[in-house]
Amino acid sequence: RDLWRGGGGGVVSHWLSEGGGMDVVLLGGPGDEDVVRQLGALTGTPPLPPLWSLGYHQSHWNVKSQPQLEGIDANADRLGWPLDGLWLDIEHAQGKRYFTWDGAAFPDPRGMAAAIEPK
C-alpha cells in the first residue's frame, strides 16, 4: 500500500480536532527501526544510563548499621561479586522517618560512601 500517493487500496484516514489546531508527525519508516531512527533525528535520542546503574545492585531490608553494610560490601569483595550498588532501606533513617539519618547506626556516611565508591 502507498499511503503517500493513495494508490492500490491504501490507507484512508480521517482526522478531527474539537479543540483547535492539531500537530501531526508522520514517520514513514518503512520498518520499525527506521521509525525509531527518524523519531530520534526529530526529537533527539535519550542519553545512555550511567554505567554503574547497569550492574549488580544489592538491596535488602534490615541493614541496620554501618558495620553491617560494610560487611555486605566486604563479602561481595571476598566472593568476587561485581557489586555496583548498595541500597539502604528505611532502617538508615532516624525512627524510620523519611528525610532523616540515624547518626548512631550510621555515624560516618561520607566515609562509608568514600570506602565503597572506588570499587
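Coordinates for the structure precede this section.
Turning our eyes to something else, we now look at the overall build of the chain. The number of helices and strands found in the chain is three helices and two strands. Along the chain, helices (α) and strands (β) appear in the sequence α-β-α-β-α when read from the amino end. Residues counted as buried form 15% of the 119 residues belonging to the chain. Restricting the contact set of the chain to residue pairs at least 6 apart, pairs at least 24 apart contribute 49%. Of the roughly 9,600 Å² of accessible surface on the chain, 58% is carried by carbon and sulfur atoms.

Considered as a void within the structure, the largest pocket measures approximately 380 Å³ in volume. Lining the largest pocket are 15 residues; nearest its centre among them are Gly85, Leu86, Ala113, Ile116 and Glu117. Taken together, the residues of the lining of the largest pocket sort by class into 10 nonpolar, one polar and four charged.

Bringing the nonpolar core into the picture now. One broad rule of soluble globular proteins: the nonpolar side chains tend to lie buried together. In this structure, Val63, Leu69, Ile72, Ala105, Phe106 and Met112 together form the largest nonpolar core, which totals six residues. Beyond its immediate sequence surroundings of up to four residues, Met112 is in contact with Gln66, Leu69, Glu70, Leu88, Trp101 and Phe106.

Once that is clear, we can look at the pattern of salt bridges. Here the structure, examined in full by the defined rule, presents two salt bridges. A salt bridge links Arg37 to Asp34, with the shortest nitrogen-to-oxygen separation between them at 3.2 Å. Of the two residues, Arg37 and Asp34 both sit in helix α1 (residues 32–43), three residues apart, roughly one turn of that helix. Taking the shortest distance from any N to any O, the salt bridge between Lys96 and Glu91 comes out at 3.5 Å. Taking the relative accessible area as the measure of exposure, Lys96 reaches 48% and is therefore partly exposed.

On to the side chain of Glu91, then. The residue Glu91 is located in the loop between β2 (83–87) and α3 (109–116) in this model. A distance of 3.5 Å separates polar atoms of two side chains, one belonging to Glu91 and the other to Lys96. Look past the residues within four positions of Glu91 in its chain and what remains in contact with it is Trp61, Asn62, Val63, Lys64, Lys96 and Phe106.

Next up on the list: the pairing of β2. Of the strand pairs in this sheet, strand β1 (residues 56–59) and β2 are connected by four bridges, and their pairing is parallel. Bridging from a neighbouring strand, Tyr56 pairs with Leu83 of β2.

Right, let's talk about the packing of aromatic side chains for a bit. Tallied over the full model, the rule gives two aromatic pairs. Centre to centre, the rings of Tyr56 and Trp81 are 6.1 Å apart; their planes meet at 70°, and the pair counts as edge-to-face. Of this pair, Tyr56 sits in strand β1 while Trp81 sits in the loop between α2 (66–79) and β2, placing them 25 residues apart in sequence. The exposure class of Trp81 is partly exposed, given its relative accessible area of 43%.

What counts and how
Residues numbered from 1 in each chain as written. Predicted model: local features only at pLDDT ≥ 70, side-chain atom pairs only at ≥ 80, totals over all residues. Heavy atoms only, no water. Helix = DSSP H or I, 4+ residues; strand = E, 2+ residues; numbered from the N terminus. Buried < 20%, exposed > 50% of the residue type's maximum accessible area, 1.4 Å probe, protein only. Contact = heavy atoms within 4.5 Å. Areas by Shrake-Rupley, 256 points an atom, 1.4 Å probe, with all protein chains shown as cover. 1 Å grid on protein atoms, 1.4 Å probe; cavity = no way out; pocket = protein on both sides within 12 Å on 5 of 7 lines; lining within 4 Å. Points joined across faces, edges and corners; volume = space filled by probe spheres on them. Nonpolar A, V, L, I, M, F, W, Y, C, P; charged D, E, K, R; others polar. Core = buried A, V, L, I, M, F, W, Y, C linked by side-chain atoms within 4.5 Å. Salt bridge = Lys/Arg side-chain N within 4 Å of Asp/Glu carboxyl O. Polar contact = N/O pair within 3.5 Å; in protein donor to acceptor, adjacent residues only side chain to side chain. Pairing = 2+ DSSP bridges. Phe/Tyr/Trp six-rings, centres within 6.5 Å; stacked < 30°, edge-to-face > 60°.

By themselves these figures say nothing about function.
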